[in-house]
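Here is what each chain is made of, one letter per residue.
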Amino acid sequence: MNAPAGQRLEGPGLAAHIAQEPAIAFRNVSKSFADAGGAAKVTALDALDFAVPRSSITCIIGRSGAGKSTLIRLVNGLEKPTSGSVIVDGTDVSALSESALRPVRRSIGMIFQHFNLLTSRTVYDNVALPLEIAGVNRRAIEAKVMPLLDLVGLADKSRRYPSELSGGQKQRVGIARALATDPKVLLSDEATSALDPETTRSILGLLKRINAELGLTVLLITHEMQVVKQVADRVAVIDGGRIVEEGDTYSVFTRPQHPTTRTLLADVVGVHLPAFVTSRLSPEPKPGADAVVKVIFTGPNATEPVLAKLGETMGLHLNILAGAVDEISGRPYGTLVVSMDAGPETLARARGFIHDLGLETEVLGYVV
Amino acid sequence: MWFEILRLIVNATGETLYMVAVSALIGSLIGGPLGIFLATSRRGELFAAPAVNGILGIVVNATRSTPFIILVVAIIPFTRLVAGTSIGTSAAIVPLTIATIPFVARLIETAIRDVDPGLVEAARAMGATRLQIVSKVLIAEARPGITLGITLTVVSLIGYSAMVGAVGGGGLGDLGIRYGYQRFMPSVMLAVVVVLIVLVQIVQTVGDLLARHFDKRARRT
């Protein structure tokens, strides 16, 4: 939010301005690499603009090779953009030298797909490492490490080595380590991709808790849609080095616009029609055919006995083909696919009836 | 007579240990950092200096491919400059050290290269300086490999030291050749070989134990 021209920013106005400023902003960022041969350039990011709101959990999803890893590494300067700037907490990190980046990096925690814990150090010493690097004294390190191990539930494992831990425990150590220097931003590079679904859930729960308790901005990149669904407030879809779609998770997941988003979400949200239906589905109405309609429940009307009323008032015969209820960032999202013996006119009236109840419909096709 | 031979063996063992210890120590002190540099100075790495890396690589290879006995003779002027003489046990330390440096360097280079690059990335993300990355990540993580490399170096040095009899270096190898071979005393030869076997066995066992102690990675069974 920009202040009107001429208005000076101070006091509460300044505070509000800072609060509104995104934690991370990518401005017209491009990044290209020389390919293996060295001659041709490979464009990883192409004039990308993107902002991560303060204290949000923002997910970037995309296929492998879409530029996700490059994007997240720009935030702590592990990669430099070819052009454009990356602003973290008001500082243009893309303009900083390696030595000027060091203090900035201490305010940005990072967790990794393969945890990247030092095998030669105990759990305690791994969490202590960023503090040692920052030159913190031994006593202050101890005062910091034990509460962090408590936070991630590993206080009893402080003298163990990473090789003695499970994958989920290793990532908990990774999280504790990333939090050791009190960062404002936490970067997660596919942090749950090497974990089983149950462990993934518990790690995501931990990230959510940290986000809520510490007000930390979390930026995750992942190719796992389940991760986004469970944890993200906001989601951005990257494809071909650009952000092709972004918004709050619920809207993007329930109303995906871009073809890439639709493809990525195809198996995650909503229902799958059984093959015997899809094989007989035709896009044009035929005499005597039943209309196949998807009814989408998003609002509080999800509890209304819609179908019963519909059958009753319109005298329709409804047949349920598929149904599912998802939970997307904590909100229910229901989909039901029904077939009804309705001609074009009746169908339009039936849809109007459903819309009046606050639900949405989509005609998928017609089956004989 | 037997007492005399025993005295010779004890003396020769002392000379061997002295030569091996000093050249292993100095060789590692120079070869270690060289190895770390070789492992981290290629394009895009921590201390990227591809040209220097290339030249050092060639020098290291050249030194390693020179047969040790030729190296001993070839660097006699240098040995005289450093040790003040080109004959005797102390003088023999010079060529032994020169041969050790590239040997250790390559072994330590390999050990450092084995460290997961993800750990270096994690340390960079924490804001570590390059020297902190070397000391807290690379050396710490490569300790088992470095230990085994130095063990191998010491074992090889025990073998090399047998050749410095050519310049009056003394030691067990020299004793074996002069008494066992030239004076037809196979029992001395046998005794020398037994002492060498025991020495190597001890060094290797200690090295293995140390490396095992340092290695906290999951053990494959």
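Residues numbered from 1 in each chain as written. Chains lettered and ligands numbered in written order. Predicted model: local features only at pLDDT ≥ 70, side-chain atom pairs only at ≥ 80, totals over all residues. Heavy atoms only, no water.

As annotated in an unreviewed UniProt entry, chain B carries the name D-methionine transport system permease protein and comes from Faunimonas pinastri. Heading Sequence similarities (unreviewed entry) of the UniProt record for chain B holds this comment: "Belongs to the binding-protein-dependent transport system permease family. CysTW subfamily." Listed under Subcellular location (unreviewed entry) in UniProt, the entry text for chain B is "Cell membrane". (UniProt positions renumbered as here; feature names shortened; annotations may be inferred.)

If you check an unreviewed UniProt entry, chain A appears there as Cell division ATP-binding protein FtsE from Faunimonas pinastri. UniProt lists a comment for chain A under the heading Function (unreviewed entry), and it reads "Part of the ABC transporter FtsEX involved in cellular division. Important for assembly or stability of the septal ring." Word for word, the UniProt comment on chain A under Sequence similarities (unreviewed entry) is "Belongs to the ABC transporter superfamily."

**Some thoughts on the overall build of chain A**
Each helix and strand in chain A was counted, giving 13 helices and 14 strands. Principal-axis analysis of the C-alpha atoms places the extent of chain A at approximately 80 × 55 × 55 Å. Burial statistics for chain A: of 368 residues in total, 48% are counted as buried. By sequence separation, contacts in chain A at least 24 residues apart represent 70% of the contacts at least 6 residues apart. Counting 38 positive and 39 negative side-chain charges, chain A places the averaged centre of each group 6 Å from the other. (Helix = DSSP H or I, 4+ residues; strand = E, 2+ residues; numbered from the N terminus. Buried < 20%, exposed > 50% of the residue type's maximum accessible area, 1.4 Å probe, protein only. Contact = heavy atoms within 4.5 Å. Lys, Arg positive; Asp, Glu negative; His and termini not counted. Charge placed at Lys NZ, Arg CZ, Asp CG, Glu CD.)

**Some remarks on the overall build of chain B**
What chain B contains, in helices and strands, is 9 helices and 0 strands. Listing each helix as α and each strand as β along chain B from the N terminus yields α-α-α-α-α-α-α-α-α. C-alpha extents for chain B along the principal axes are approximately 70 × 45 × 25 Å. Buried positions account for 46% of the 221 residues belonging to chain B. Excluding contacts between residues fewer than 6 apart, the proportion of contacts in chain B whose partners are at least 24 apart in sequence is 72%. For chain B, the exposed area adds up to about 11200 Å²; of that, 69% sits on carbon and sulfur atoms. (Areas by Shrake-Rupley, 256 points an atom, 1.4 Å probe, with all protein chains shown as cover.)

**Details of the UniProt feature "transmembrane region" (unreviewed entry) in chain B**
Residues and elements named next belong to chain B. Within this numbering scheme, the UniProt entry marks residues 16-39, 51-76, 146-168 and 188-211 as carrying the feature "transmembrane region" (unreviewed entry). For residues 16-39, the helix share is 100%, the strand share is 0%, and the end-to-end C-alpha distance is 31 Å. Annotation note: span residues 51-76, helix share 88%, strand share 0%, distance between end C-alpha atoms 30 Å.

**Looking at the domain arrangement of chain A**
Residues and elements named next belong to chain A. Domain boundaries assigned for chain A yield domain 1 (24-266) and domain 2 (275-367). Distance between the C-alpha centres of domain 1 and domain 2: 41 Å. Contacts between the two partners involve 7 residues from domain 1 and, on the opposite side, 9 residues from domain 2. Counting each side, the surface lost to burial between domain 1 and domain 2 is near 810 Å², with a carbon and sulfur contribution of 52%. Of all residues in domain 1, Lys229, Tyr250 and Thr254 bury the most surface against domain 2, accounting for 72% of the area lost on that side. (Domains from an automatic or database assignment. Buried area = accessible area lost by both parts, 1.4 Å probe.)

**Re the packing of helix α4 (residues 76-83) of chain B against helix α5 (residues 89-113) of chain B**
Helix packing geometry: the angle between the two helix axes and the distance between the axes. All names here are of chain B. Taken N-terminus to C-terminus, the directions of α4 and α5 make an angle of 120°; their axes are 9 Å apart at the nearest point. Classified by the interaxial angle, the pair formed by α4 and α5 is oblique. Of the two elements, α4 crosses α5, and the hand of that crossing is right-handed. Every residue of α5 that contacts α4 at Phe78, Thr79, Val82 and Ala83 is listed here: Ala91, Val94, Pro95 and Ile98. When grouped by side-chain class, the residues that make up the contact of α4 with α5 number 7 nonpolar, 1 polar and no charged. (Axes fitted to C-alpha atoms, helices over the stretch in contact; angles between N-to-C directions. Parallel < 35°, antiparallel > 145°, perpendicular 65-115°, else oblique. Left-handed = near helix turned anticlockwise from the far one by under 90°. Nonpolar A, V, L, I, M, F, W, Y, C, P; charged D, E, K, R; others polar.)

**Quick look at the side chain of B:Thr153**
Residue and element names in this part refer to chain B. Positionally, threonine 153 belongs in helix α7 (residues 130-160). There is a polar contact of 2.7 Å between the side chain of threonine 153 and the backbone oxygen of glycine 149. The contact partners of threonine 153, leaving out residues within four places of it in the chain, are Thr100, Phe103, Val104 and Leu107. (Polar contact = N/O pair within 3.5 Å; in protein donor to acceptor, adjacent residues only side chain to side chain.)

**Remarks on the sheet that holds strand β10 (residues 242-248) of chain A**
Backbone-to-backbone hydrogen bonds pair the strands of a sheet. The strands run either parallel or antiparallel. Residues and elements named next belong to chain A. The sheet built from 6 strands is open, its strands ordered β6-β7-β8-β3-β9-β10 with mixed pairing. The open sheet is flanked by β6 (108-112) and β10, the only strands paired with a single partner. Direction aside, neighbouring strands of the sheet carry axes that sit 15° apart on average. Pairing of strand β7 (residues 185-189) with strand β8 (residues 217-222) involves 5 bridges; the strand directions are parallel. Bridged to serine 188 within β8 is leucine 220. (Pairing = 2+ DSSP bridges.)

**A closer look at the UniProt feature "domain: ABC transmembrane type-1" (unreviewed entry) in chain B**
Under the present numbering, the feature "domain: ABC transmembrane type-1" (unreviewed entry) in UniProt falls on residues 13-207 of chain B. This span, residues 13-207 of chain B, is 81% helix and 0% strand, and a straight line between its end C-alpha atoms measures 20 Å.

**A closer look at a nonpolar patch on the surface**
All names here are of chain B. A cluster of nonpolar side chains, Leu190, Val194, Val198, Ile202, Val206 and Leu210, forms an exposed patch at the surface whose accessible area comes to about 520 Å². Inspection of the secondary structure assignment puts valine 194 in helix α9 (residues 186-214). Residue classification places valine 194 among the partly exposed positions, given a relative accessible area of 44%. (Patch = residues over 30% accessible without salt bridge, like charges linked within 9 Å, V, L, I, M, F, W, Y side chains within 5 Å. Salt bridge = Lys/Arg side-chain N within 4 Å of Asp/Glu carboxyl O.)

**Focus: the pairing of strand β13 (residues 331-340) of chain A**
Working note: regular strand, side chains alternate between the two faces of the sheet. Residue and element names in this part refer to chain A. For β13, the tally of buried residues reaches 8 of 10 residues, placing the bulk of the element in the interior. The pairing of strand β11 (residues 290-297) with β13 spans 7 bridges and is antiparallel. If you follow lysine 294 over to β13, its bridge partner there is valine 337. In terms of strand pairing, strand β12 (residues 318-328) meets β13 through 10 bridges, oriented antiparallel. Across the sheet, residue aspartate 326 finds its bridge partner in β13, namely tyrosine 333.

**Looking at the interface of chain A and chain B**
On the chain B side, the residues contacting the 24 residues of chain A number 20 residues. Taking both sides of the interface into account, the surface hidden between chain A and chain B amounts to around 2000 Å²; carbon and sulfur atoms contribute 56%. Viewed at the interface, chain B and chain A are joined by 3 salt bridges. When the shortest N-O distance is used, the salt bridge between B:Glu121 and A:Arg73 registers 2.5 Å.

**Quick word on the sheet that holds strand β5 (residues 91-92) of chain A**
All names here are of chain A. Strand order in the open sheet formed by 4 strands is β2-β1-β4-β5, and the pairing between neighbours is antiparallel. Unpaired on one side and paired on the other, β2 (41-52) and β5 mark the two borders of the sheet. Together, β1 (24-34), β2 and β4 (83-88) form the strand contacts of helix α2 (residues 68-75), whose direction differs from that of β1 by roughly 120°.

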